[in-house]
Amino acid sequence: MNPITIYHNPQCGTSRNTLALIRNSGVEPRVIPYLETPPSRTELLALIAAMGTPVRAVMRAKEAIYQELDLGNPTWNDDALIDAMLAHPILINRPIVVTPLGTRLCRPSEAVLDLLPQPQQGAFSKEDGEAVIDAQGRRV
């Protein structure tokens with residue numbers, strides 16, 4: 001069993017950078033393309049509980065469907081918000097990473113560094129060219 005799992009959206013730059021940082025630590029994670037294979041209600045609830053964050057903090061408010069459904073309205077309770085995320089997985093913010101050191105929504109992508117059991121193996125720059133890790137595997 002792989003010790004690291006990433007709920008990944010390959011269309012998202014933050015998700016791609018996070019996946020690359022995991023791989024830069026020498027680990028090939030279990031990659032779950034959550035738009036194609038959404039988590040079950042039980043899995044989503046477990047992820048949110050493991051992160052210790054409110055349900056709303058896991059929602060992607062930038063998506064058009066968020067506005068269309070008026071999900072910013074405080075009258076929506078957690079169960080209804082979970083239902084919305086299950087019906088429209090694009091509403092689940094990404095990437096969520098699970099490691100032996102914890103579970104976290106990794107925004108920005110560098111947040112994953114606190115979850116990785118192994119150090120970075122070399123230099124790393126984000127897709128936009130921003131240096132994150134130097135040649136010795138240390139944060140810049």
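Residues numbered from 1 in each chain as written. Predicted model: local features only at pLDDT ≥ 70, side-chain atom pairs only at ≥ 80, totals over all residues. Heavy atoms only, no water.

Let us look at the environment of R16. Residue position: R16 is located in helix 1 (residues 13-24). On the basis of relative accessibility, which here comes to 32%, the residue R16 falls in the partly exposed class. Measuring from C-alpha to C-alpha, the distance between R16 and T37 comes to 17 Å, with 21 residues separating the pair along the chain. Among residues more than four places away in sequence, those in contact with R16 are H8, P10, Q11 and E127. (Helix = DSSP H or I, 4+ residues; strand = E, 2+ residues; numbered from the N terminus. Buried < 20%, exposed > 50% of the residue type's maximum accessible area, 1.4 Å probe, protein only. Contact = heavy atoms within 4.5 Å.)

Our next topic: the pattern of salt bridges. Summed over all chains, the structure comprises 10 salt bridges. Its salt-bridge partner being R16, residue E127 comes within 2.6 Å of it at the nearest N-O pair. One end of the pair, E127, is in the loop between strand 5 (124-125) and strand 6 (131-133); the other, R16, is in helix 1, with 111 residues separating them in the sequence. In the salt-bridge network here, residues are joined through shared partners; they are R60, E63 and R94. (Salt bridge = Lys/Arg side-chain N within 4 Å of Asp/Glu carboxyl O.)

Along strand 1 (residues 5-8), one buried face is formed by T5 and Y7 and the opposite face, lined by I6 and H8, is buried too. In the sheet, strand 1 pairs with strand 2 (residues 30-33) via four bridges, with the strands oriented parallel. Opposite Y7, over in strand 2, you have I32 as the bridge partner. One crossover worth recording links strand 1 to the parallel strand 2 by way of helix 1, and it is right-handed. Bridging between strand 1 and strand 3 (residues 96-99) involves three bridges; their strand directions are antiparallel. What sits directly across from T5, in strand 3, is V98. (Pairing = 2+ DSSP bridges. Right-handed = clockwise from strand over helix to strand, strands pointing away.)

In this model helix 1 runs 16 Å from its N-terminal to its C-terminal C-alpha over 12 residues, within 8% of the 16 Å that 1.5 Å per residue would give. Buried residues of helix 1: T14, S15, N17, T18, L19, L21, I22 and N24, and no others. Summarising the contacts, the buried residues of helix 1 are in contact with strand 1, strand 2, strand 3, strand 5 and strand 6. Two residues or fewer after helix 1 comes G26, characterised by a positive phi angle close to 90°. (Expected span 1.5 Å × (residues − 1).)

What follows concerns the pairing of strand 3. Within a regular beta strand, the side chains point alternately toward one face of the sheet and then the other, so they alternate between its two faces. Relative to strand 4 (residues 102-105), strand 3 runs antiparallel, the two being bridged by four bridges. Among the inter-strand pairings, T99 is bridged to a residue of strand 4, identified as G102. Taking the residues between adjacent antiparallel strands as the criterion, strand 3 and strand 4 are bridged by two residues.

As a further point, take empty space enclosed by the protein. Throughout the structure, instances matching the rule amount to one cavity of 30 Å³ or more. Here the largest cavity defines a volume of roughly 30 Å³. Every residue along the wall of the largest cavity is listed here: Y7, Y34, P39, L44, L47, I92 and I96. A per-class count over the lining of the largest cavity returns seven nonpolar, no polar and no charged. (1 Å grid on protein atoms, 1.4 Å probe; cavity = no way out; pocket = protein on both sides within 12 Å on 5 of 7 lines; lining within 4 Å. Points joined across faces, edges and corners; volume = space filled by probe spheres on them. Nonpolar A, V, L, I, M, F, W, Y, C, P; charged D, E, K, R; others polar.)

If you look at the biggest cluster of nonpolar residues, it comprises 21 residues, and the most contacted ones within it are I48, M59, L71, M85, L91, I92 and I96. Listing elements by their share of this core, those giving two or more residues are helix 2 (41-51), helix 3 (64-68) and helix 4 (78-87). Counting residues in hydrophobic clusters, the runner-up holds 16 residues, among them I4, I6, V97 and L113. (Core = buried A, V, L, I, M, F, W, Y, C linked by side-chain atoms within 4.5 Å.)

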